[in-house]
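# Fold and contact review
Okay, here's what each chain looks like letter by letter:
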Amino acid sequence: MKLIIVRHGDPDYENDTLTEKGKREAELVSGRLSKLDIKDFYCSPLGRAKMTASYTLDRLGRNAGTYDWLREFDLPPVIDPDTGKKRLAWDQLPAVWTAESGYYDKDEWVNVPLMRAADMEKYVREVNEGIDGIIEKHGYKRNGNYYEAVSPNTDTVVIFCHFGVTCVMLGHILGISPMVLWHGTISLPTSVTTLVTEERREGIAYFRMNGFGDISHLYEAGEPASFSGRFCEMYTNFDERHD
């Protein structure tokens, strides 16, 4: 089984849609995906993800299952201990979150006080159960930290969603704290992340990620990568996002 996760195109967050650049990106990723034999599509209910998916779905004459748990989470903000200002619990400055060892633990990170204040465990449980449900629908049932290959196959499944929820899904599937993924990786708009099952012993499968955040479809077309989701490379780069 191949699980492909696609981030939405360059976003217009205020209107929950795509910028003109995002529309170009969505068209380009649709050309890439349309070459694949895809069993099923799934999508976040948010406008920017649905619009991105529409380019592929319209091209192929297909539909996508929409799940609320694939939305980018909008948990209540918490007080940042470094600045005293409100911010999303997962969006903390490096000097703050790296000082807390619990954030590096794949199980305990949701028990760090800031995460408890945001009720992060409830949200994460919803996402974990949701992605396991999709995977089980396609023949692989979660058993501890691996998946039972109940009906092994080479189906390809595509999910259109968001960077934040992608990291939660990857953390669950691969056994990594999403906090590390949120801050140590970035999947740029319309990037493609691919995981493939390996069944080295009959009936026992594990997903291996053989591509993360790939935007080769943009490079091939000469379309520059969007900066959305990143922060300034140097603090003195004031034309880039700081906070």
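Residues numbered from 1 in each chain as written. Predicted model: local features only at pLDDT ≥ 70, side-chain atom pairs only at ≥ 80, totals over all residues. Heavy atoms only, no water.

## Re the layout of surface pockets
Let me state the cut-off plainly: Lining residues are those with an atom within 4 Å of a point, where the points come from a 1 Å grid over the protein atoms alone and group into cavities, where a 1.4 Å probe fits but cannot get out, or pockets, open sets with protein on both sides within 12 Å along at least five of seven lines. Grid points are joined across faces, edges and corners, and a volume is the space filled by probe spheres set on the points. Helix numbers and strand numbers start at the N terminus; a helix is a DSSP run of H or I with at least 4 residues, a strand a run of E with at least 2. Each residue is assigned to one of three groups, with Ala, Val, Leu, Ile, Met, Phe, Trp, Tyr, Cys and Pro labelled nonpolar, Asp, Glu, Lys and Arg labelled charged, and all others, Gly among them, labelled polar.
Considered as a void within the structure, the largest pocket measures approximately 800 Å³ in volume. At the level of elements, α3 (94-97) and α7 (178-184) are the ones that each hand at least two residues to the lining of the largest pocket. Partitioned by chemical class, the residues of the lining of the largest pocket number 13 nonpolar, eight polar and ten charged. In this model, the second largest pocket occupies a volume close to 310 Å³. Lining the second largest pocket are 19 residues, with Lys106, Asp107, Asn128, Gly171 and His172 positioned closest to its centre. Of all the secondary-structure elements, those providing two or more residues to the lining of the second largest pocket are α5 (120-137) and α6 (163-174).

## Remarks on the pattern of salt bridges
Note the threshold: Here a salt bridge means any side-chain nitrogen of Lys or Arg lying within 4 Å of a carboxyl oxygen belonging to Asp or Glu. In this scheme, a residue with accessible area under 20% of its type's maximum is buried, one over 50% is exposed, and one in between is partly exposed, where area comes from a 1.4 Å probe on protein chains only.
Under the criterion given, the structure shown has eleven salt bridges. Of the charged contacts, one joins Glu25 and Lys21 as a salt bridge, the two residues approaching to 3.1 Å between their closest N and O atoms. Taken as a pair, Glu25 and Lys21 lie in helix α1 (residues 20-33) at a separation of four residues, close to a single helical turn. In terms of burial, Glu25 and Lys21 fall into one category: buried. For the salt bridge of Glu223 with Lys21, the shortest nitrogen-to-oxygen distance reads 2.7 Å. In this pair, Glu223 sits in the segment after α8 (216-221) while Lys21 sits in helix α1, placing the two residues 202 residues apart along the sequence. Several salt bridges share partner residues, and in doing so they unite Lys21, Arg24, Glu25 and Glu223 into one network.

## Quick notes on the packing of aromatic side chains
Convention followed: Two rings belonging to Phe, Tyr or Trp (six-membered ring only in the last case) form a pair when the distance between their centres is within 6.5 Å. Interplanar angles under 30 degrees mark stacking, angles over 60 mark edge-to-face geometry, and anything in between is tilted.
A full pass over the atoms with the stated rule returns nine aromatic pairs. Ring geometry for Tyr67 against Trp69: centres 5.9 Å apart, planes inclined by 35°, an arrangement best described as tilted. Given a relative accessible area of 30%, Tyr67 falls into the partly exposed group. Residue classification places Trp69 among the buried positions, given a relative accessible area of 8%. Ring centres 5.7 Å apart and planes at 80° place the aromatic pair Tyr235 and Phe238 in the edge-to-face group. Looking at Tyr235, the relative accessible area reads 62%, which means it is exposed. Judged by its relative accessible area of 60%, Phe238 is exposed. Counting every residue linked through ring pairs, the aromatic cluster contains Tyr42, Tyr67 and Trp69.

What is shown is where atoms sit, not what they do.
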